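Inside the fold
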Amino acid sequence: MKTSFRDIYCGEVSDRFIGKELKLCGWIKRVRDLGGMIFFDLKDREGYIQCFVEKANTKVYNIVKDIRMEDCVWIKGMVRERKDKNPNIKTGNVEIEVFEIKLFNRSSELPFLVEDDINVFEETRLKYRFLDLKRPLMQNNIILKHRFVQIVRDNLNKKGFIEVETPYLSKSTPEGARDFLVPSRLAPGKFYALPQSPQLYKQILMVSGFDRYYQFARCFRDEDLRKDRQPEFTQLDIEMSFVEEEDVFQMIEELFEDIFNRLFMKTLNCPFPRLTYFTSLNKYGSDKPDLRVNWEIKDFTNLLKDKGIKIFEGCEAILSLEIDVDITRKKVEELNEFVKSQGGKGVTYVKYTDSLSGPLSRFISADYLKKGNVYLFVADKKEKAIFILGRLREKCIKLLEPELKEDFSFVWITEFPLYVWDEEEKRWEPAHHPFTMPRNPGDIDKSPREVIGRQYDLVLNGVEIGSGSIRNHDPELQRKILKKMGYSDEDIEKRFGFFLSALSYGAPPHGGIALGLDRIIVTLLGLGSIRDVIPFPKTAKGYALFEGAPSEVGKEQLKDLKLELKNEND
RNA sequence: GGGGGCGUAGUUCAGCCCGGUUAGAACGCUGGCCUGUCACGCCAGAGGUCGCGAGUUCAAAUCUCGUCGCCCCCGCCA
């Protein structure tokens, strides 16, 4: 981009500028001082170009002699065709003979090299995030996110969606995650909550007749963190009026088709496959199965129960994960340790190559097995065995590096239970959130366990990247659902009255979805941690290492808020 | 809240089990040599509160306890 300082980006210098004089700005990448002449690479966002100066040009030479990596400079020079071309770099055909140079700003000694291929603790990277973000790899991640967002905007705008903002200072609603609270100065003793999601606002926008809404909304949840969980994260929040599941599915599939097309020039297989929650659980042991492999869980309970196999004694279910790759005994041992770490008893196996082998081979007939496959067995209470095999399945995908059917495998999970029983609190909790429309509301009173919520999750490569539902637009039914969750009429009025009131003014049928932007980008890039696609993330304990947040505040600030700090032990 | 791993030069690591010379290496940094390098090369050098605190010991980077920070996992995340 031409500015008063420069003509083009360093990475844009090419054959067509040979013989032309250019002004460039950027940072020093590497210096190669040969004594009689000095080479250095000048870099910016778009790439880098080799520059050189000979000793004869004393004025420039004397400056260049002292430059170091990451110094910020301006140069003027002539583009030359190289004698020894470097095919490994974009600008490798040409180089610049420097006529003039100006040092804008020097760089202090670096804590690490600003290059892609570094081996540095994340702690150090976060402390010097401004350098970490300078690495091409990190820039690519952030820029891909930018392009993704622009395509989404373009796609949804064309479909008639309106981008609407919603408040960050909001009302604390119980349930779900812990809220981040913000004390109010004007109302001492009262607190705003940062929104866990714009759920209620977007439903209210439907009541207001906007018909189709979206927003890249920052969401806040004060829970313990993981590599795929930050205290603040971005959701692509979408809501539509007068729709059913099919409308949402189609809209999202078209959106991803567009994204893959424009971002990767790839065609997606649409529509995405669908699984009900119970099928997914029973087949894959997970409500977010990675379908890049087709390994399934098989039930061997009837075949192997009470056959005198010691390790299966007294177990309710004997289940097996059928995989189509070979496995070494050493890796089985590793899986065995893993299963124990997940609270299971252990894992054993049968391998069917030319004949049967493995600890279970003498108890089972080849008639029930498929040649070439390995069967990993876990026995336990049924629910637990399924859970463990689900975890084992994920572990095997990482450990055994199977050939994948495709790079990206989407799947819709549908028909979730509306309620789950919370054993600790002894009450019914919403499986998704309390505003989901039940498919069979008649069952709420007599058998809450059987009520199906019109909820759906979108899963990509074993990562839950989105979740949504057809919402409840009937205020009376909504009241009934909340009541079943143990709220008194009074509680409901106090906490959700504003929302129920909105529903009672001609709320349309509506539904939508929220997609986790950071998780999607990280999955598309094949990375592990969403911290690598968030410019300024927090650590696992919620600290911002660069600026040092959270931090203590002054007495005056607390006084304004009518707050006092108590000493520990509470 | 619980479990595991890590913390030694600016950075990444070795040394720690089995306590005992001046705590090493690579990259980076400083100085010198070098006109076709592109991870330039060669020579020389500087650089350490061994995370912090206590304990054991004649003696602790090394053993013990506590504590802080980073990473991963379980719980938690409507």
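Per chain, residues are indexed from 1 in the order of the written sequence. All chains are assigned letters beginning with A, and all ligands numbers beginning with 1, in the order in which they are written. Where local features are concerned, this predicted model is filtered to residues with pLDDT of at least 70; where side-chain atom pairs are given and counted, the filter is 80 or more; whole-chain, interface and lining totals use all residues. The basis for every side-chain value is the complete set of non-hydrogen atoms in the structure, without hydrogens or water.

A look at the overall build of chain A
In DSSP terms, a helix is any run of H or I states spanning at least four residues, a strand is any run of E spanning at least two, and both are numbered starting from the N terminus. When helices and strands are tallied, chain A shows 14 helices and 22 strands. Each principal axis of the C-alpha distribution contributes one length, and for chain A these read about 90 × 75 × 55 Å. Using a 1.4 Å probe on the protein chains alone, a residue whose accessible area is under 20% of its type maximum counts as buried, one over 50% counts as exposed, and one in between counts as partly exposed. Burial status across chain A gives 47% buried among its 570 residues. The long-range share in chain A, meaning contacts at least 24 apart out of those at least 6 apart in sequence, stands at 65%. We get accessible surface area from the Shrake-Rupley algorithm with a probe of 1.4 Å; when it comes to residues, only the shown protein chains can shield them. Accessible surface computed for chain A: about 30400 Å², of which carbon and sulfur atoms make up 49%. Positive and negative side-chain charges in chain A, numbering 91 and 93 respectively, have mean positions lying 3 Å apart. Whether two residues are in contact is decided by their heavy atoms: any pair within 4.5 Å suffices. The charge count treats Lys and Arg as positive and Asp and Glu as negative. His and the chain ends do not count. In this description, the location of a charge corresponds to atom NZ of lysine, CZ of arginine, CG of aspartate or CD of glutamate.

Observations concerning the protein's contact with RNA strand B
Of all residues adjacent to RNA strand B, which total 48 residues, the nearest are Asp 33, Glu 95, Asn 119, Gly 176 and His 432. Here a residue counts as near a molecule or strand whenever at least one of its heavy atoms sits within 4 Å of it. Each atom of RNA strand B within 4 Å of the protein was classed as base or backbone; sugar and phosphate made up 57%. The side chain of Glu 54 places a nitrogen or oxygen atom 3.4 Å from a base oxygen of RNA strand B. Under this definition, polar contacts are N or O atom pairs within 3.5 Å; protein pairs additionally need one hydrogen-donor-capable and one acceptor-capable atom, and for neighbouring residues in sequence, both atoms have to be side-chain atoms. Side-chain polar atom of Asp 84 to a sugar or linking oxygen of RNA strand B: 3.0 Å apart, as the coordinates give it. Those elements that provide at least two residues to the surface near RNA strand B are strand S1 (21-33), strand S2 (37-44), strand S3 (47-54) and helix H2 (122-127). Tallied by class, residues from the surface near RNA strand B come to 15 nonpolar, eleven polar and 22 charged. Residues are sorted three ways: Asp, Glu, Lys and Arg are charged, Ala, Val, Leu, Ile, Met, Phe, Trp, Tyr, Cys and Pro are nonpolar, and all the rest, Gly among them, are polar.

Topic: a nonpolar patch on the surface
Each patch is built from salt-bridge-free residues with over 30% relative accessible area, joining like charges within 9 Å and nonpolar side chains (Val, Leu, Ile, Met, Phe, Trp, Tyr) within 5 Å. For salt bridges, the criterion is a side-chain nitrogen of Lys or Arg within 4 Å of an Asp or Glu carboxyl oxygen. Together, Tyr 128, Phe 130 and Phe 546 give the surface a local cluster of nonpolar side chains, amounting to about 300 Å² of exposed area. Take Phe 546: it is sitting in the loop between helix H13 (517-524) and helix H14 (555-560).

Concerning the domain arrangement of chain A
Each domain's limits were defined by an automated method or a database of domain assignments. As far as domains go, chain A holds domain 1 (10-105), domain 2 (112-133 + 537-560), domain 3 (138-273 + 410-534) and domain 4 (293-400). One C-alpha centre belongs to domain 1, the other to domain 3; they are set 51 Å apart.

Regarding the pattern of salt bridges
This structure, assessed with the given rule, holds 47 salt bridges. We note a salt bridge from Lys 76 to Glu 100, for which the minimum N-O separation is 3.2 Å. Taken together, the residues Lys 76 in strand S4 (residues 72-81) and Glu 100 in strand S5 (residues 94-105) connect sequence positions 24 residues apart. Note on Lys 76: relative accessible area 23%, which makes it partly exposed. Ionic pairing is found between Glu 163 and Arg 153, a salt bridge with its closest N-O pair at 2.8 Å. On the criterion of sequence distance, the pair formed by Glu 163 in strand S6 (residues 162-163) and Arg 153 in helix H4 (residues 136-158) is long-range, its members being ten residues apart. The class for Glu 163 is partly exposed, based on a relative accessible area of 39%. A cluster of three or more residues bridged by salt bridges with shared partners is formed by Arg 125, Arg 129, Asp 132, Arg 135 and Asp 532.

Topic: the sheet that holds strand S22 (residues 510-516)
For two strands to pair, DSSP has to find at least two bridges joining them. An order of S6-S9-S10-S22-S21-S20-S17-S11 is seen for the eight strands of this open sheet, with the pairing classed as mixed. Here the strands that pair on one side only, and so sit at the sheet edges, are S6 and strand S11 (274-276). In terms of strand pairing, strand S21 (residues 463-470) meets S22 through five bridges, oriented antiparallel. Residue pairing in the sheet places Ile 470 in a bridge with Gly 511 of S22. Along the sheet, helix H7 (residues 277-284) makes contact with S11 and strand S17 (410-417), crossing S11 at roughly 90°. Angles run from 0 to 180 degrees between N-to-C directions of axes, and those axes are lines fitted to C-alpha atoms, restricted for helices to the stretch in contact. H13 rests against strand S9 (212-220), strand S10 (232-241), strand S20 (452-460), S21 and S22 of the sheet, and its axis sits at about 55° to S22.

A few points about the packing of aromatic side chains
To describe a pair of aromatic rings, one takes the distance between the centres and the angle between the planes. Side-chain rings of Phe, Tyr and Trp (the six-membered ring for Trp) are treated as a pair once their centres are within 6.5 Å; stacked means planes under 30 degrees apart, edge-to-face means over 60, and tilted covers the remaining angles. A complete count under the given rule lists 26 aromatic pairs for this structure. A ring pair is formed by Phe 264 and Phe 408, whose centres lie 6.3 Å apart and whose planes are at 10°; its orientation type is stacked. Taken together, the residues Phe 264 in helix H6 (residues 245-264) and Phe 408 in the loop between helix H10 (382-400) and S17 connect sequence positions 144 residues apart. Owing to a relative accessible area of 26%, Phe 264 belongs among the partly exposed residues under this scheme. For Phe 408, a relative accessible area of 13% gives the class buried. A centroid spacing of 5.1 Å and a plane angle of 65° characterise the contact between Phe 300 and Phe 377, whose relative ring orientation is edge-to-face. Separated by 77 residues along the polypeptide, Phe 300 in the loop between strand S12 (296-299) and helix H8 (301-304) and Phe 377 in strand S16 (residues 374-380) bring together distant segments of the chain. Under the relative-accessibility criterion, Phe 300 is labelled buried at 5%. Put simply, the rings of Phe 249, Phe 256, Phe 260, Phe 264, Phe 272, Phe 408, Phe 410, Trp 412 and Tyr 456 touch in pairs and so form one group of aromatic residues. Whether a charge sits over a ring depends on NZ of Lys or CZ of Arg being within 6 Å of the ring centre and within 35 degrees of the ring normal. Across the ring face of Tyr 48, the terminal group of Lys 29 is positioned such that the distance to the ring centre comes to 4.7 Å.

Observations regarding unusual backbone geometry
Here the bond from Cys 270 into Pro 271 is cis, since omega is -5°, no more than 30 degrees from zero. With an omega of 0°, the peptide bond running from Ala 549 to Pro 550 counts as cis. Along the polypeptide, Pro 550 turns up in the loop between H13 and H14. You will see that Met 265, though not glycine, has its phi angle at about 50°, which is positive. Secondary-structure assignment places Met 265 in the loop between H6 and S11. Residue Asn 461 is not a glycine yet carries a positive backbone phi of 50°. If you trace the backbone, Asn 461 turns up in the loop between S20 and S21.

Overview of the pairing of S2
Taking burial as the measure, the eight residues of S2 include seven buried ones, the bulk of the element. Sheet topology places S1 next to S2; five bridges connect them, and they run antiparallel. Along S2, the bridge assignment pairs Trp 27 with Lys 43. Pairing geometry for S2 and S3, over eight bridges, is antiparallel. Its bridge partner lying in S3, Ile 38 is registered against Val 53. Remark: two residues form the turn of the hairpin made by S2 and S3, two consecutive strands paired antiparallel.

Re the sheet that holds strand S14 (residues 348-352)
Strand order in this open sheet of five strands is S12-S13-S16-S14-S15, and the pairing throughout is antiparallel. Across the chains shown, the open sheet's two edge strands, defined by having one partner strand only, are S12 and strand S15 (356-357).

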